[in-house]
Amino acid sequence: MTVHYALPTAADFTALAGLHHPSITIYASTSPVVSERERAEVAVKSSFDEAIERVKSSGAANAELEALRRERDAIIGDQQIWAGLARSIAIFVAPGFSEVFVLPNRLDDAVHVGSHFTLGQLLRAPSQDQEAFAVTLSANEWSLWHATPTDRAVRLDIDESHDKSLDDAINRDPENDDKPRGGKHGDRGVSGDERRKAFFELYAKRVADATRQELMQRDPDDRVPLFVFAAEPLMSLFIDRIRNGRRIVAVPGAPDRLGAAEIDEALRVQLGRLNVAEADGALRQLTEGTAGRVERDLAAIAREAADGAVEVFWFDFTTSVNGTLDRESGAIEFASGHGADEQLSDGTHAGDLLPQLALLVMSKGGKVVTVRSDDLDGTVWSGPAMAELRFALA
């Protein structure tokens, strides 16, 4: 048994792909909170028992069933797994084979039994943003946080010279002070509301400058999104001053009582929403853009993927279309029942074509984006998959 606490790699997917008969795939939502570990462990054991019964009813040999039970018992009995949970766990078991992935993103509970592992949900982890910065900002204090694909949000150490609160911003009096008129040394005619607004503007500016400086050291390419936890008026004042090429997402509310666990949970939820919004926007732009660069037919997508002509492959991980794929030619043979069954007409075992196509696209340098069709606008999404081609079809 191998337990992974990092996002799956190309080598991991290679090991999981192909025929594994009989195979069990389990996805389960979990939690790093100690009080919820037992619930996750019970849910996974129940899923295992259900899956093994389904394998038994399919006519599996006793030796295969015993091998599956041994793998189950090893996983359930490994306390290191259950002591180090994140937000999801993905388990892949076959006789003599078991791989476990502890993942930061929320996956849907699911159990699958067949001849191939179901990899659609596992592909969500590396295909979507799982890293974020966050600013928690109030008059009392501000902090900068970082959440990664493998670690929960942690408060970052920042330069001690930065103002730490609104009071710091008001009372700091360096040479050429940018203190607003109406402050400690300001004009007497300025009202209290105007003075308060001016101080908030100064504080927001200084925090924005400090945040920009800190992030430049850690992410100079502005690749990672920044989530801002704040209430008005600091929220708007800060965002107006921090805007640049980085993606900025507002999370309204008072952040003073949020701990690391609450911030991480909120970031994972917000990352999921951001991923959906960006996928929807990209699909809309694509379908309304250059004609000939969109392909929806799976057989055509497979041929283009084999030629390295697919730039981005979107697929609905909640849908399965079974069959076999020749990775060299891109030729597809669908399973019986228009891809609904798990065997070809000649009895050959078939697996879900969508993850197979995703892995082929990735091997050719293309990008894969998993989606849940129910999350997307029906006017831009139809069918189990779409591909953006590198070159428009003639």
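A brief structural summary. (Residues numbered from 1 in each chain as written. Predicted model: local features only at pLDDT ≥ 70, side-chain atom pairs only at ≥ 80, totals over all residues. Heavy atoms only, no water.)

1. Concerning the overall build of the chain
From N to C terminus, the chain includes eleven helices and 17 strands. On the principal axes, the C-alpha backbone points of the chain span a range of 90 × 55 × 30 Å. Counting all 394 residues of the chain, 48% fall into the buried class. Considering only intrachain contacts with a sequence separation of at least 6, the fraction spanning at least 24 residues in the chain is 70%. Within the chain, one finds 43 positive and 64 negative side-chain charges whose respective centroids are separated by 6 Å. (Helix = DSSP H or I, 4+ residues; strand = E, 2+ residues; numbered from the N terminus. Buried < 20%, exposed > 50% of the residue type's maximum accessible area, 1.4 Å probe, protein only. Contact = heavy atoms within 4.5 Å. Lys, Arg positive; Asp, Glu negative; His and termini not counted. Charge placed at Lys NZ, Arg CZ, Asp CG, Glu CD.)

2. Details of the environment of E194
Tracing the chain through its elements places E194 in helix α7 (residues 192-218). With relative accessibility at 48%, the residue E194 sits in the partly exposed group. The spacing of E194 and D222 is 28 residues in sequence and 34 Å in space, taken between C-alpha atoms.

3. A word on the pairing of strand β6 (residues 132-137)
Counted residue by residue, β6 has six buried out of six residues, so it is predominantly covered. Neither face of β6 is left uncovered, since the one carrying A132, A134 and T136 and the one carrying F133, V135 and L137 both have all their residues buried. Sheet analysis places β6 next to strand β7 (residues 142-147), joined by six bridges and oriented antiparallel. Across the sheet, A134 pairs through a bridge with W145, a residue of β7. Counted along the chain from β6 to the antiparallel partner β7, the turn is four residues long. (Pairing = 2+ DSSP bridges.)

4. Regarding unusual backbone geometry
The amide bond that connects H21 to the next residue, P22, takes the cis arrangement and shows omega of -10°. Examined against the element boundaries, P22 turns out to sit in the loop between α1 (10-16) and β2 (23-29). Cis geometry is adopted by the peptide bond preceding P233, which originates at E232 and carries an omega value of 5°. Mapped onto the elements, P233 comes out in the loop between β9 (226-230) and α8 (234-242). Phi at H338 is positive, roughly 55°, even though this residue is not glycine. The topology assignment puts H338 in the loop between β14 (332-334) and β15 (351-352).

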